[in-house]
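Observations on the model geometry
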There are 2 protein chains.
Amino acid sequence: MVKNYLALDIGGTKILGAIISDKKILAKEKIKTTSSQDQEEVYGRIKNVITTLLKKVPNIDGIGIGIPGRVNEEGVITFSPNLPFENFHLKNKLQEDFGVTNIVIDNDVNVGMLGEQWIGAAAGHANVLGIFVGTGIGGAVIINNKLLRGAQSIAGEVGHMKLSFDGPKCNCGEKGCLEAYSSKIAMQRYMEEQGMKFDSILKSSVLKNGIAEQNKTIKDAIKKSANYLGEAIGSLVNCLDPDVVVLGGGVSTAIGEYMLKTIEPVANARALVKPNIKLSVLGDEAGLFGAVKLLLSDNK
Amino acid sequence: MVKNYLALDIGGTKILGAIISDKKILAKEKIKTTSSQDQEEVYGRIKNVITTLLKKVPNIDGIGIGIPGRVNEEGVITFSPNLPFENFHLKNKLQEDFGVTNIVIDNDVNVGMLGEQWIGAAAGHANVLGIFVGTGIGGAVIINNKLLRGAQSIAGEVGHMKLSFDGPKCNCGEKGCLEAYSSKIAMQRYMEEQGMKFDSILKSSVLKNGIAEQNKTIKDAIKKSANYLGEAIGSLVNCLDPDVVVLGGGVSTAIGEYMLKTIEPVANARALVKPNIKLSVLGDEAGLFGAVKLLLSDNK
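Below, the structure is looked at part by part. (Residues numbered from 1 in each chain as written. Chains lettered and ligands numbered in written order. Predicted model: local features only at pLDDT ≥ 70, side-chain atom pairs only at ≥ 80, totals over all residues. Heavy atoms only, no water.)

Looking now at the pairing of strand β2 (residues 14-21) of chain A. Residue and element names in this part refer to chain A. Taken across its eight residues, β2 has seven buried, putting it largely inside the fold. Linking strand β1 (residues 4-10) back to β2 in an antiparallel pair, the connection comprises three residues. Where β2 and strand β3 (residues 24-32) come together, eight bridges link them in antiparallel fashion. Directly across from Lys-14, in β3, lies its bridge partner Lys-32. (Buried < 20%, exposed > 50% of the residue type's maximum accessible area, 1.4 Å probe, protein only. Helix = DSSP H or I, 4+ residues; strand = E, 2+ residues; numbered from the N terminus. Pairing = 2+ DSSP bridges.)

Quick look at the side chain of B:Ser280 now. Residues and elements named next belong to chain B. With respect to the helices and strands, Ser-280 occurs in the loop between β12 (277-279) and α9 (286-296). For Ser-280, a relative accessible area of 18% puts it in the buried group. Separated by 2.7 Å, the side chains of Ser-280 and Glu-116 make a polar contact. (Polar contact = N/O pair within 3.5 Å; in protein donor to acceptor, adjacent residues only side chain to side chain.)

What follows deals with the interface of chain B and chain A. Listed per partner, the contact involves 44 residues of chain B and 44 residues of chain A. At the boundary of chain B with chain A, total buried surface from both sides reaches about 3500 Å², with 59% on carbon and sulfur atoms. Applying the counting criterion to the chain B and chain A interface returns four salt bridges. Measuring nitrogen to oxygen at the nearest pair gives 3.1 Å for the salt bridge that ties A:Lys162 to B:Glu231. For the interface between chain B and chain A, the tally reads 26 residue pairs in polar contact (both at pLDDT 80 or more). (Contact = heavy atoms within 4.5 Å. Buried area = accessible area lost by both parts, 1.4 Å probe. Salt bridge = Lys/Arg side-chain N within 4 Å of Asp/Glu carboxyl O.)

Glancing now at the packing of aromatic side chains. All chains considered together, the criterion is met by 10 aromatic pairs over all chains. Taken together, a centroid distance of 5.2 Å and an interplanar angle of 40 degrees make the contact between A:Tyr228 and B:Phe165 tilted. Of this pair, A:Tyr228 sits in helix α7 (residues 216-240) while B:Phe165 sits in the loop between β10 (146-147) and α4 (178-182), on two different chains. Put simply, the rings of A:Tyr43, A:Phe85 and A:Phe88 touch in pairs and so form one group of aromatic residues. (Phe/Tyr/Trp six-rings, centres within 6.5 Å; stacked < 30°, edge-to-face > 60°.)

What follows covers the pattern of salt bridges. Considering all chains together, one arrives at 26 salt bridges over all chains under this definition. When the shortest N-O distance is used, the salt bridge between A:Asp284 and A:Lys30 registers 3.4 Å. Note that A:Asp284 is positioned in the loop between β12 (277-279) and α9 (286-296) and A:Lys30 in strand β3, a separation of 254 residues in sequence. Its relative accessible area of 37% is what places A:Asp284 among the partly exposed residues. Each of A:Lys162, A:Glu174, B:Glu231 and B:Arg270 takes part in a single network of salt bridges with overlapping partners.

For the rest of this paragraph, the subject is helix α8 (residues 250-270) of chain B. Residue and element names in this part refer to chain B. With 21 residues, α8 extends only 25 Å from end C-alpha to end C-alpha; this falls clearly short of the ideal 30 Å at 1.5 Å per step. Largest kink in α8: about 85 degrees, centred on Gly-256. Among the residues of α8, those classed as buried are Val-251, Ser-252, Ile-255, Gly-256, Tyr-258, Met-259, Leu-260, Thr-262, Ile-263, Val-266, Ala-267 and Arg-270. On its buried face, α8 is in contact with β8 (128-133), α5 (184-193), α6 (204-212), α7 (216-240), β11 (244-248) and β12. (Expected span 1.5 Å × (residues − 1). Bend = angle between axes of the 7 residues up to and from the residue.)

Once that is clear, we can look at helix α6 (residues 204-212) of chain A. Residue and element names in this part refer to chain A. Of all the residues in α6, the buried ones are Ser-204, Leu-207, Gly-210 and Ile-211. Seen end-on, α6 carries its buried residues on one side only, within an arc spanning 120 degrees. Close packing links the buried residues of α6 with α5 (184-193), α7 and α8 (250-270). Just downstream of α6, Gln-214 is the residue with a positive phi angle, here 55 degrees. (Arc of directions from axis to C-beta.)

This is the structure in structure tokens:
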């Protein structure tokens, strides 16, 4: 019998939810919110999305969730810089409130890459390196069809590999990290140095429009970012030699094709072999399908 | 019934061989040679070591071999910069000459790290990053107790991750690779810049004596090398988060304890979690035990 699964992709300012059956979305729900420091408020929003979805499809066989942070084996969110959860027993709370026992929660980048590996850009590949470019840079590593979580649950943090000793300062406290060179924050910093003004964090649409309008500053910022990303991919390919490198995240969805023109030749020159680099194809839905795959696989 | 296995660790100027049974060395043979460009001459030396060992223990159940280069699944050496083998069917030749069918051949760093994981510094750990410091820098990655070979057989080439954009030139043609910062070649280059003279490639014993004699130039060269190695380990731990990082190779055997004093604080500062760094404990014998493990496991 075909089963229905509820999938959630929880972000700092949006929650995306769906009920998925046999790789098809039966119902979908998206809420945009202001970011909140109140744990119960954010948990309330999550419950609202679930409740709304359950009204459309009442019978589900499990809940899979991706969140931007670290989750331990008990489903406790131990660290989430963009959400107000700290040592929050999300799994237990949801089990109590909805009576569903089959619940898995993992880092959103891990979950998104699992979706791409299931039915997206990395379908059919057992060994995958995923790099998500957004405000920061996240990553995920799949080896022999299993997510690599690591001894201390940080595997895949490719944003904090060092590209240079005297590079720009990174949010992690170190200098010269990939994230400090290639994230949206890095691109925004370069544009501001060139005199551009922003009243909020750089949006991917600004980058996309900048290319369309041949804005030199924006194009230069993107090319610089892509160049560093190419160097990092080359180094990572030398270490992991994956079947495929998947570029995901908001920036990749908006301007991935343009970035690849710079990334590919740089990564080819750096790596000892020619890497196979693909863009994410599931976009926003990668995290939803990945959450279902998490429930279906032994990747828990 | 306990089985006997013949293990070979083939280098550019030495061949080490042993017959091992139940994790014990029954017979051992080591030949030092001049390096040779003659394929048949080097193959002849390999045969001599095997023949000598078989005179001591005639019945063997398989041959395991580590070589400094790349080997494909058919046991063909496809690339070996320090040996005259190119597309050399080592497995087939040995099967014909000795009538042994059970033969496995792999990269020497992979094999050595498998030995350390079996009964050495990484015993009991399923996820291991090995870094071998010698003339160059090699690496090996073990995930879920299996060697990671990679889509194009280069996984573990951590010597060619980029630490800096304008770093010293590396043998691979790029700039700023770990190998160009932390290998024996890198240390020798620094010492020569400080006025020291060498008539051959730097020996690990020179480094060891330099520490004992408080030679400032030598100590500085080692500290610089160790500092860069610490940075690289930190970045790699962020990506792979292994149970343990094992430092092996001739340099590590000679001066590993001294290097660790610099490596550990640098790697701790760089990595998002505190890495577990150990020195190789099997020394020269890592490759021999690893070759047996290769025969025993599904790591073929």
